[in-house]
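Close look at the chain arrangement
As a plain string of letters, each chain reads:
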Amino acid sequence: MAKGKDAFFHALSILDFHSINFQNLSTKNHWYDKIPGLISKETNKNIENPAQRVVLEFSSDFQKLNKEGPLIILCDSSKNINQDAKIVFEASSGEDCARLLFVSHIVCQRFAKPVVLVISMECLENDLKFKPEHIPFPPKFVIRDKTWKPDIVKSNHPALNFKRISFEDGKGPRDKSNLLIISHGKNSIEVNKLIENSNSKNIRHLELQTLRPISLEIIESSMRLVEKIITTVETYKWISEFMDIRAFELDDIESLLK
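Here's what I pulled together on the structure shown here. Just so it is clear, the model here is predicted, and its values are computed rather than measured.

**Topic: the state of the cysteines**
Inspection of the entire model under this criterion finds zero disulfides. Free cysteine C97: the closest other cysteine sulfur is in C123, separated by 5.2 Å.

Here it is, written out as structure tokens:
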């Protein structure tokens, strides 16, 4: 069965990058081992418009962002991301490995700013629900107007807001829910397994894929008609301004669902 790493390489193969860089030799060997096709990926040095010259940089430890322009910094953990990053995406499924790489490429060009993209090993190894070539991608972004100016990064900008929300079978946003669980990244995979193996009813699950800028509208809309709202400990730091949300470890969430 195809996995997230196959989806990632599929997206990589149809995107143009001005250059592909690695933080160090260890990082290079790590990603070559995970995505063998990386070694043969060609770059395009003939991209005319500077805003289209997207750079992909693999990093094992994102601490400080001192670069500007269309740059995707790809790492496998969000723990070390500091406040310099204005745009942060994190995959929460195998399909996201491809979809968010594609989205990041477009966002770099629209905003002319660096994007931090987090893809965990768990997502790279996650089984796909369908073939990589069947994953829907947005249209490529091409700048043709010489008067083009980059968009402003705002928390409600539609090009920056990505999430996945699931309800119990046969339920929707107008139905009351006993519990809303908010998660992101590899924890979303685990939460989905817990819900699938639980006998609990009326459970909503919001998987955040945009961690910055965080959309308050998305959080608030998911909270409607919900009795209790919880989140994973790792996700809480991104949404801590919502004081009525309690943070739990995955083991504790499993106990709540029994």
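**Quick notes on the layout of surface pockets**
Roughly 790 Å³ of internal volume is contained in the largest pocket. Lining the largest pocket are 29 residues, with K129, S166, N192, E196 and E207 positioned closest to its centre. The set of elements that each furnish at least two residues to the lining of the largest pocket consists of α3 (94-111), β6 (163-166), α5 (186-196) and β8 (203-208). Ranked by residue count, the leading element in the lining of the largest pocket is α5, at five residues. For the lining of the largest pocket, a count of residues per class yields seven nonpolar, 10 polar and 12 charged. Taken as a whole, the second largest pocket encloses approximately 210 Å³ of empty space. Within the residue set of the lining of the second largest pocket, elements represented by two or more residues are α5 and α7 (233-239). Looking at the lining of the second largest pocket residue by residue, the class counts come to one nonpolar, six polar and six charged.

**What to know about empty space enclosed by the protein**
A complete count under the given rule lists one cavity of 30 Å³ or more for this structure. Quantified by volume, the largest cavity comes out at close to 40 Å³. N161, F162, K163, L208, T210, P213, I214, S215, I218 and I219 together form the lining of the largest cavity. For the lining of the largest cavity, the residue count by class is six nonpolar, three polar and one charged.

Definitions and limits used
- Residues numbered from 1 in each chain as written.
- Predicted model: local features only at pLDDT ≥ 70, side-chain atom pairs only at ≥ 80, totals over all residues.
- Heavy atoms only, no water.
- Disulfide = S-S within 2.5 Å.
- 1 Å grid on protein atoms, 1.4 Å probe; cavity = no way out; pocket = protein on both sides within 12 Å on 5 of 7 lines; lining within 4 Å.
- Points joined across faces, edges and corners; volume = space filled by probe spheres on them.
- Helix = DSSP H or I, 4+ residues; strand = E, 2+ residues; numbered from the N terminus.
- Nonpolar A, V, L, I, M, F, W, Y, C, P; charged D, E, K, R; others polar.

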